[in-house]
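Chain residues, written in single-letter form:
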Amino acid sequence: DAGVIQSPRHEVTEMGQEVTLRCKPISGHNSLFWYRQTMMRGLELLIYFNNNVPIDDSGMPEDRFSAKMPNASFSTLKIQPSEPRDSAVYFCASIGRGLAGVYEQYFGPGTRLTVT
Amino acid sequence: AQSVTQPDIHITVSEGASLELRCNYSYGATPYLFWYVQSPGQGLQLLLKYFSGDTLVQGIKGFEAEFKRSQSSFNLRKPSVHWSDAAEYFCAVGVLRAGSYQLTFGKGTKLSVIP
């Protein structure tokens, strides 16, 4: 299994531009999470989906942020317009059964976003 | 709401020395507890988890953690640290919600290892 796949790995954009981050969860996993990591705030949960349905988006910082999961194998996180304070590493994670049947959360490698 | 505190921002140990990273949580019910490790430029990798049963949990890379309900703690330990253990370590509490569970993370403890 390729694990959780995120693209791009690095994104540099100018303030005001639209940014789209992509995630492909592990096949068979039915929950998907988007996190943001910064030095100041640590790891923050932005939104999560269960069976493609958004369950909790209370962590989404502003209306500039939106996330979709059109099917079980793909999700996007969009920022429009982007601002310098959005610079962070964005992680996607999915949940599935690990060894002994216990649910585990698997993280992707992250997208490092820099907004200038 | 649940929360996790990792009191140590940065710890430095010598290679071969023992290690203990502290984690305290706040949650009203029985928690699901996790430790993750993050190497520079990488995603988070699960080290170990506690769901129920034996309060001493063994993980990968020689790590273990002990759940102490009376102290609301889940400290991570390793008897002998290797240089490759230098990374950032995150403790998390998981809450079941709507058929899944979401994690709340601590701010992390950065581990440096002196050769």
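No experiment lies behind these values; they were computed from the predicted model shown.

### A short note on the pairing of strand 12 (residues 109-114) of chain B
All names here are of chain B. The alternating pattern of strand 12 places Thr-109, Leu-111 and Val-113 on a buried face, while none of Lys-110, Ser-112 and Ile-114, on the opposite face, is buried. Here strand 2 (residues 10-14) runs beside strand 12; their pairing, made up of five bridges, is parallel. Residue pairing in the sheet places Ser-14 in a bridge with Ile-114 of strand 12.

### Here's the deal with the environment of Ser84(B)
All names here are of chain B. Looking at the secondary structure, you find Ser-84 in the loop between strand 9 (73-78) and strand 10 (87-97). Along the primary structure Ser-84 and Glu-15 are separated by 69 residues, whereas in three dimensions their C-alpha atoms are 9.5 Å apart. Among the polar contacts made by the side chain of Ser-84, one reaches the side chain of His-82 at a distance of 2.7 Å.

### Quick notes on unusual backbone geometry
Looking along the chain, the bond that leaves Ser7(A) and enters Pro8(A) is cis, with omega of -10°. With respect to the secondary-structure elements, Pro8(A) resides in the loop between strand 1 (5-7) and strand 2 (10-13). Residue Pro81(A) follows Gln80(A) across a cis peptide bond; omega there is -5°. Within the secondary structure layout, Pro81(A) lies in the loop between strand 8 (74-79) and strand 9 (88-97). Despite not being glycine, Ser72(B) has its phi angle at roughly 50°, a positive value. Within the element layout of this structure, Ser72(B) appears in the loop between strand 8 (64-68) and strand 9.

### Description of the interface of chain B and chain A
The partner chain A presents 23 residues to the 19 residues of chain B that form the contact. Regarding the contact of chain B and chain A, the summed buried area is about 1,700 Å², with carbon and sulfur atoms giving 55% of it. When the buried surface of chain B facing chain A is broken down by residue, Leu44(B), Tyr101(B) and Gln102(B) rank first, second and third, together holding 27% of it. Taken together, the links from chain B to chain A amount to one salt bridge. Among the ionic pairs, Lys49(B) bridges to Glu104(A), the shortest N-O distance being 2.7 Å. Looking at the side of chain B that touches chain A element by element, the count peaks at five residues for strand 11 (residues 100-105) of chain B. Looking at side-chain class alone, the side of chain B that touches chain A contains nine nonpolar, seven polar and three charged residues.

Conventions adopted
Residues numbered from 1 in each chain as written. Chains lettered and ligands numbered in written order. Predicted model: local features only at pLDDT ≥ 70, side-chain atom pairs only at ≥ 80, totals over all residues. Heavy atoms only, no water. Buried < 20%, exposed > 50% of the residue type's maximum accessible area, 1.4 Å probe, protein only. Helix = DSSP H or I, 4+ residues; strand = E, 2+ residues; numbered from the N terminus. Pairing = 2+ DSSP bridges. Polar contact = N/O pair within 3.5 Å; in protein donor to acceptor, adjacent residues only side chain to side chain. Contact = heavy atoms within 4.5 Å. Buried area = accessible area lost by both parts, 1.4 Å probe. Salt bridge = Lys/Arg side-chain N within 4 Å of Asp/Glu carboxyl O. Nonpolar A, V, L, I, M, F, W, Y, C, P; charged D, E, K, R; others polar.

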